[in-house]
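# Notes for the structure review
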Amino acid sequence: MSKNNFVIQTKDLTKSYGKPGEKKDVVKKVNLAVPEGCVYGFLGPNGAGKSTTMKMLLGLIKPTNGEISILGTPFISQGKAALNEKSRLAILRQTGSLIESPSYYGHLSGRQNLEIICTLKNVPTKEIGEVLSIVRMESQQDKKAGHYSLGMKQRLGLAGALLGHPRLLLLDEPTNGLDPAGISEMRELIRSLPETYHMTIMVSSHLLSEIDQMADYVGIINKGQVIYQDSLLHLHEHSRKQLRLRTSNNSRALCILNENEINCTLENDFLSFPETSDDTTAYLISALVREGIGVLRIEEYQKSLEDIFLSLTGKQVSL
Ligand SMILES: Nc1ncnc2c1ncn2[C@@H]1O[C@H](COP(=O)(O)OP(=O)(O)OP(=O)(O)O)[C@@H](O)[C@H]1O
């Protein structure tokens, strides 16, 4: 699979719950495209449909309708399984996941828990050392899992998901309930996986700042619908510095700026355009003054990521 291929692709993926006549779409015609080798942040407020979508991708719940393709193979077609059981398992074997709190045997050690997962996944136990080292838990492996802190239980869950060297990892709110140090450790760990272990990660969160710190791509879901999907780099481009100008005649000033090839928009009382050099700014202001337009105010302005999300999404979501 080449770099620009999509590891997960969905088309019109839909899940409805409820009796006939009272059905509610909790996931509505979702089109995801997760590029290979990235961390894809799946962002949305509580109840938006993140877990339901991820469970459908993992074959844990049946979609009502739509298509899913995983690792380039059609997995669901028109809401139905597109593969026989053997091929389905072959795909799922290349996919690791951490959905909801990881389950474990509290009376067994971390290592013994991983041995059980090795048996279930049919993976040699010699992989245990490697995954313990990835999640930095070697020194804690012989402790009973029941005595682990929440952060260590999450890391044990992640270690289990990593057994078998999956090409794709789906993590549902992996930092939920962790303290700040645990959150930052988990974030670093996730961040490092695509490059070091050649994996693609889809990770959900309800926190914009968290996705901003660990993802390359973002898909925002709200009320079951994906309302934005693109690279974070692209999103940050929207947050380049702007100049905001208020004049005695904004509509005339807009024409003059446009005539000077300044890509300018009128927002509320302000004309706003990408930051220019001091010389260009001075020239533009004198051009306005020459036309008898009073410059009442000029200021530098940088949108926060939150502002951008709000303007891109028509204020549908507040995170
Ligand atoms: N089995 C079910 N039956 C009926 N409704 C359900 C079922 N599972 C989920 N829902 C509803 O679907 C919607 C989406 O839930 P989902 O768990 O996917 O959201 P989420 O974005 O993961 O949020 P959270 O972070 O709170 O888990 C919610 O309104 C939830 O109540």
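Residues numbered from 1 in each chain as written. Predicted model: local features only at pLDDT ≥ 70, side-chain atom pairs only at ≥ 80, totals over all residues.

### Brief notes about the overall build of the protein chain
Along its length, the protein chain carries 11 helices and 16 strands. Computed over its C-alpha atoms, the radius of gyration of the protein chain comes to 25 Å, more than 25% above the 20 Å expected for a compact globule of 319 residues. Overall, the C-alpha framework of the protein chain stretches about 80 × 50 × 40 Å when taken along its three principal axes. Across the 319 residues of the protein chain, 33% fall into the buried class. Taking all contacts inside the protein chain whose residues are at least 6 apart in sequence as the whole, residues at least 24 apart take part in 69%. (Helix = DSSP H or I, 4+ residues; strand = E, 2+ residues; numbered from the N terminus. Rg over C-alpha atoms; globule rule 2.2 N^0.38 Å. Buried ≥ 20, exposed ≤ 12 C-beta atoms within 10 Å, placed from the backbone. Contact = placed C-beta atoms within 7 Å.)

### Looking at the sheet that holds strand E13 (residues 242–247)
If you trace the four strands from one edge of the open sheet to the other, you get E14-E15-E13-E16, paired in antiparallel fashion. The sheet terminates laterally at strand E14 (265–267) and strand E16 (295–301), the two strands that pair on one side only. Between one strand and the next, the sheet's axes are offset by a mean angle of 30°, whatever the strand orientation. Relative to E16, E13 runs antiparallel, the two sharing six bridges. Bridging across to E16, Arg246 finds its partner in Arg297. (Pairing = 2+ DSSP bridges. Axes fitted to C-alpha atoms, helices over the stretch in contact; angles between N-to-C directions.)

### So, helix H10 (residues 278–290)
Along an α-helix, residues three or four apart share an orientation, since each turn contains 3.6 residues. The end-to-end C-alpha distance of H10 is 18 Å, a good match for the 18 Å that 13 residues give at a rise of 1.5 Å each. Positive phi shows up at Gly292, right after H10, with a value of about 80°. (Expected span 1.5 Å × (residues − 1).)

### A closer look at the sheet that holds strand E8 (residues 95–98)
Ordered by their spatial adjacency, six strands build an open sheet running E8-E9-E10-E4-E11-E12, and the pairing between neighbours is mixed. Two strands bound the open sheet, and with one partner strand each, they are E8 and strand E12 (225–231). Sheet twist, expressed as the average angle between the axes of neighbouring strands with direction ignored, equals 15°. In the packing of helix H1 (residues 50–57) onto the sheet, the strands contacted are strand E4 (39–43), strand E9 (168–172), strand E10 (200–205) and strand E11 (217–222), and the crossing angle to E9 comes to about 150°. Along the sheet, helix H6 (residues 180–197) contacts E4, E9 and E10; its crossing angle with E10, the most-contacted strand, is approximately 160°.

### A closer look at the site of the ligand
Around the ligand, a shell composed of Tyr17, Val26, Gly44, Asn46, Gly47, Ala48, Gly49, Lys50, Ser51, Thr52 and His206 is seen. Residue contributions to the shell around the ligand peak at three residues, all from H1. For the shell around the ligand, the class distribution of residues is three nonpolar, seven polar and one charged. (Near = placed C-beta within 6 Å. Nonpolar A, V, L, I, M, F, W, Y, C, P; charged D, E, K, R; others polar.)

### Regarding the packing of helix H3 (residues 110–121) against helix H4 (residues 127–134)
What describes two packed helices is the angle between their axes and the distance between those same axes. Here H3 crosses H4 at 125°, and the two axes come no closer than 10 Å. Judged by the inter-axis angle, H3 sits oblique to H4. Considering how the two elements wind past one another, H3 and H4 form a crossing that is right-handed. Between H3 and H4, the contacting residues are Arg111, Leu114, Glu115 and Cys118 on the first element and Glu127, Ile128 and Val131 on the second. (Parallel < 35°, antiparallel > 145°, perpendicular 65-115°, else oblique. Left-handed = near helix turned anticlockwise from the far one by under 90°.)

### A short note on the nonpolar core
Within soluble globular proteins, side chains that are nonpolar generally end up buried alongside one another. Residues Tyr40, Val131, Ala159, Ile201, Met202 and Val203 are the most contacted members of the largest nonpolar core, which totals 57 residues. Considering every element that reaches this core, the biggest residue donor is helix H5 (residues 150–162), with five residues. Apart from the residues lying within four places of it in its own chain, the contact partners of Ala159 are Leu114, Val131, Leu132, Val135 and Met137. In this structure, Leu245, Ala253, Leu271 and Leu284 belong to the second largest nonpolar core, which totals eight residues. (Core = buried A, V, L, I, M, F, W, Y, C linked by C-beta atoms within 7 Å.)

### Points about the environment of Pro35
Relative to the helices and strands, Pro35 resides in strand E3 (residues 33–35). When the 17 C-beta atoms within 10 Å are taken as the criterion, Pro35 is described as partly exposed. The spacing of Pro35 and Glu127 is 92 residues in sequence and 27 Å in space, taken between C-alpha atoms.

### Some thoughts on unusual backbone geometry
Residues apart from glycine generally show negative phi values, whereas peptide bonds are mostly found in trans. Even without glycine at this site, Lys29 takes up a positive phi of about 45°. With 15 C-beta atoms packed within 10 Å, Lys29 lands in the partly exposed category. Despite not being glycine, Asn122 has its phi angle at roughly 60°, a positive value. Structurally, Asn122 is set in the loop between H3 and H4. The class for Asn122 is exposed, based on 8 C-beta atoms found within 10 Å.

### Quick look at the pairing of E4
A regular strand places its side chains on the two faces of the sheet in alternate fashion. In terms of residue burial, E4 counts as a mostly covered element, since five of its five residues are buried. Because side chains alternate across E4, one face comprises the buried residues Val39, Gly41 and Leu43, and the other comprises Tyr40 and Phe42, equally buried. Pairing geometry for E4 and E10, over five bridges, is parallel. The residue bridging Leu43 from the neighbouring strand is Ser205, located in E10.

### Overview of the environment of Phe309
In this structure, Phe309 sits in helix H11 (residues 305–312). In this structure Phe309 comes out as buried when scored by C-beta crowding, with 23 C-beta atoms within 10 Å. The spacing of Phe309 and His238 is 71 residues in sequence and 9.9 Å in space, taken between C-alpha atoms.

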